[in-house]
Each structure stands twice: as structure tokens, then as C-alpha cells.
Amino acid sequence: MKKKYYIETQGCQMNEYDSDKMKNLLSKEMNFENTEIKEDADVLIVNTCSIREKAQEKVFSLLGKWRKLKQKNPNIVIGVAGCVASQESVEISSRAPYVDMVIGPQTIHRLPELYKKSLVSKKTVVDVEFPLIEKFDNLPTVTESKFSEFVTIMEGCSKYCSYCVVPYTRGTEVSRPLNDIIEEINNLVNNGTKEIILLGQNVNAYFYEDKNGNIINFGLLLFYIAKNLDIKRIRFTTSHPNNFDEQIYLAYEKLPQLVSHLHLPIQSGSDKILAAMKRGYTVLEYKSIIKRLKIIRPDITFSSDFIVGFPGETEGDFLKTIDIIKEIQFDQSYSFIYSKRPGTPAASIEDNISDEIKKERLCYLKETINSLSKNRSKTIIGEKIEILVEGISSKYNDMVVGRTKNNKIINIAGNSTLIGEILNIKVTELDNKTLKGEILNI
Ligand code: 5AD
Ligand code: SF4
């Protein structure tokens, strides 16, 4: 009988991607099968996130629960992967010595050998190196057909924002060779994929020099993909305002496959806070990117990450964030209360804001974005729009959900046969927060 694995994923899309790759290794190279029932698993892996303190503490409480499973069955192998593994490798082996494997975000491809080692080792086996692009070269490609797929184009971050652990846990920016990316997308296209989401901590810092000395930046990569491969939609996440260059504007001008939605984290609307965060741009510079893109693509929508309660953030600074939200009309946000991370420069700044104020600010920010988004949704009722159907609606089981090019989610009547189809629809109503529509043609 095949051994079984269970993987729990916390954190960002990069982690989702890494977990998929680990699942692939376990199934294809190690002959395991997936289970959703922890109690049945021979290998339990948690793929962790350490971007905020809460996320990190969650790992240790989860490990406490898994320890009980191991007490019942000592043959279970427990692994901790991802950013907590990278940041707390020593602490994991001392705080949770029953953990068998600690695997950093850049060494997940070594899972088969780490697993073998862990079976014979009495101590926790730890591998949290950053072996540059070795990871990209050593992961099997996915063979199941999915209409929308992530493709990693770069990893790590060299921006060193003062509050963030990513450059330390995932390492500095490393771009994947162009040919590998093209080959992966080509395989996906041949397998039925219609949309790709280019993935990386700062995708627009992509930089690759080929054997002949030709430089490929992110904008050129977009042209390469759009002009050479039969892909219907190209999305990307996440990008950084400082790496927004002419080639990328040109891509928005010339490439219809590039969707009209951009996730461009601003973090704060106050120049003082942006400087303390070491983000490297001002609000005006950020706004000038948005302005140019709106000229090129009038229907473009934006989303952003925000941090509230950064040390030194006054009520006035916070209100500047609200102002920028209203001005740009972000449709969606990933917003967080500042979390002090050990080893980052901001950790030494006195945190002078009460938890209560931080929570109030977060709540107000989220409410502002939600109500703006709802108002904007109303404005598209009656419009004829193209959607890519992504799956069955989570609210209505006789409906499917699709996404417009500018990232609006729309429910239409239909069943699973429509999944993966690109359809023209008419938006008919806004039911509470949910947009509904009807098919115009197939
Ligand atoms: N505290 C709160 N939020 C953080 N982020 C990164 N580091 C921290 C931190 N220390 C948020 C930023 C980033 C997103 C991925 O996580 O908004 O864009
Ligand atoms: Fe962290 Fe800043 Fe890099 Fe984003 S750009 S991953 S916030 S250091």
C-alpha cells in the first residue's frame, strides 16, 4: 500500500506554489499519495509563513497537535518547510525536537533526500541553504491540466523594506532563465492552460542575461510570452513600484493578453512612513505610475497591500492612507497590522501605537476599500464583458464563477462543463456583494 502525505500551507501564493511542487515530488518521485486526513498520513508537512508574528506562532501550536499524532504512531515523519523553517531552524529543533525535517523555501526540491536522511537520523535534519537557481532546475513539471497556472519567474527580494523578513528568509532576488520559463509555459499551454500568473516576490525586478549577453527584463519577458505562446491571459504578482519601467508600460499598450488589473503594493499613503519603511518611492511617484496606466488602459483596476500601525504612524499619516485609497479607488487590498519581526531594522524603532488603535485603523481601512469596491461594482451592471470561468460558485451550486480581465468576479448560471471557457456575458445585478451575469454566447 502506498504511504500517504498531508501538507498544510500557510501564507502567500509563493507558498501555495511551493506546496504544489512538494506534492508533485511526493507523488511522482517518492510514490506517496495525498490524503486530506492528518491521522492517516505517514508524512506531515507544514509549509510556513513568518511575515507576521501571528503566522509564526500558529506553526508551533500546530506542531504541538501533530506531536500527539506522533506519540500514537512514532513512524510518522514531520516536516516544517518555508519561511519559519528558514528563520527559526535552530529554534524548531530545540522547541520541537520531534520535527524530523526542516526545509527552507529554496531547498524544497531536496525533499526526497531529506526524507531518506530523516528516516535514519536521530536528530532533526535541517537544510535551509539558498542554492540559487538549483530549485528551479530540479522540480518536476505539473502534468494535470489546469486552465490557470502559476509560473515562478523569480524568487527572493533585494528591497530590504525596514519591516520585512522576506530578504532574509527567501534570500535576494534571483531570476529564472528565460528558456526554462518559456518551456514551462509551452508545456502548460499544450496541456490546456489558458491563463498564466507570473509569480515572484518582485516580478518586475526580473533580469536575465543570456549566453550572448542579451538582457531580458520583465517587460521583454511579457512580450516574449505574449508573442510566442498561445496564452489567452497573462497576470502577474507581486510587483514593486520602483521596478516599473518603460518596457512594462509598452507591454500594457501593446499586449491584449496582459490583463487590466495590477496588484501594486503602496503600503502607506504618507511619505514620512514610506521613508521609514524604506520603500524607496513617494506617494507622488506611485500616483504617476497609476496615472500613466489609466491613460493606457482606462478600465484598469488596482489592488494593494497596506500596513497600518507602523511605528510613528500618526492619525494624520493614517488618514493620508485613506485619502490615497479613495483617490486611486483600490478594488481590493491585503491589509495588515504592523508586526515587529526580529532581525529587521524596524524592530529597533519604538512601537508607540496601542493595539486598540491599530485594530481600529485596520478595520476602517478595510471598510473603506469594501464600500468603494461595492460602489464600483454597481457601475458595471449592464456592461458586456469577457470572463474566464474558474470554477463552481461557492455561494450557489447551480452557478459558476468567472473573472473579468480587470479582476471582477461574476457568477453566471451553469455547471462544471463551462470551467476554463472564455465567455462573453452581460452583468445583470449586484446581489449583496456578488455580481451576477448571463451568457451572451459560447
Ligand atoms: N508586518 C505587517 N505586514 C507585513 N508585510 C510584510 N512584512 C510585514 C510586517 N512585518 C506585508 C506587506 C507586504 C505583504 C506581503 O506582507 O504589506 O506587501
Ligand atoms: Fe518584503 Fe519589501 Fe521585499 Fe515586499 S519588497 S518582499 S515588503 S522587503
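Described in the following lines is the structure provided in the data block. (Residues numbered from 1 in each chain as written. Chains lettered and ligands numbered in written order. Predicted model: local features only at pLDDT ≥ 70, side-chain atom pairs only at ≥ 80, totals over all residues. Heavy atoms only, no water.)

**Remarks on the overall build of the protein chain**
Formally: The secondary structure listing takes helices from DSSP runs of H or I that are at least 4 residues long and strands from runs of E that are at least 2 residues long, numbered from the N terminus. Should any heavy atoms of two residues lie within 4.5 Å, those residues are counted as being in contact. Only the protein chains shown count as cover for residues, and all accessible areas are computed by the Shrake-Rupley method using a 1.4 Å probe. Counting rule for charge: Lys and Arg are taken as positive, Asp and Glu as negative, and neither His nor the chain ends is counted. Charge positions come from single atoms, namely NZ of Lys, CZ of Arg, CG of Asp or CD of Glu.
Looking only at helices and strands, one finds 14 helices and 21 strands in the protein chain. Counting only contacts in the protein chain whose residues sit at least 6 apart along the sequence, the fraction spanning at least 24 positions is 71%. When the accessible surface of the protein chain is split by element, carbon and sulfur atoms take 49% of a total near 20,100 Å². Between the centroid of the 60 positive side chains of the protein chain and the centroid of its 58 negative side chains there is a distance of 2 Å.

**With respect to helix α12 (residues 283-296)**
Residues lying three or four places apart along an α-helix face the same way, a consequence of the helix completing one turn every 3.6 residues. For clarity, the threshold we go by: To estimate how far a helix should extend, the number of its residues minus one is multiplied by 1.5 Å. Exposure is judged per residue with a 1.4 Å probe applied to protein chains only, and the accessible area is read against the type maximum: over 50% gives exposed, under 20% gives buried, and values in between give partly exposed. Each direction from the helix axis to a C-beta atom contributes to the arc, which is the arc of those directions.
Under the 1.5 Å per step criterion, the end-to-end length of α12 is 20 Å for 14 residues, consistent within 8% with the ideal 20 Å. Along α12, the residues classified as buried are Val283, Tyr286, Ile289, Ile290 and Leu293. In a view along the axis of α12, the buried residues occupy a sector of 125 degrees, so they form one face of it. Summarising the geometry of α12, the exposed residues directed more than 90 degrees from the buried face are Leu284, Lys291 and Ile295. Those residues of α12 that are buried are in contact with α10 (246-254), β14 (261-263), α11 (271-276), β15 (301-308) and α13 (315-328).

**Let's talk about the site of ligand 2**
Quick note on the threshold: If even one non-hydrogen atom of a residue comes within 4 Å of a molecule or strand, that residue is called near it. Nonpolar residues are Ala, Val, Leu, Ile, Met, Phe, Trp, Tyr, Cys and Pro. Charged residues are Asp, Glu, Lys and Arg, and all others, Gly as well, are polar.
Taken together, Cys157, Lys159, Tyr160, Cys161, Tyr163, Cys164, Val166, Pro167, Gln201, Asn202, His240 and Arg279 make up the full set of residues near ligand 2. The residue inventory of the shell around ligand 2, partitioned by class, reads 7 nonpolar, 3 polar and 2 charged.

**Some details on the pattern of salt bridges**
Our working rule: Throughout this description, the term salt bridge denotes a Lys or Arg side-chain nitrogen within 4 Å of a carboxyl oxygen of Asp or Glu.
Throughout the structure, instances matching the rule amount to 23 salt bridges. Taking the shortest distance from any N to any O, the salt bridge between Arg292 and Glu246 comes out at 2.8 Å. Here the residue Arg292 occupies a position in helix α12, and Glu246 occupies one in helix α10, the gap between them amounting to 46 residues. Note on Glu246: relative accessible area 51%, which makes it exposed. The partner of Glu327 in a salt bridge is Lys287, with the nearest N and O atoms 3.3 Å apart.

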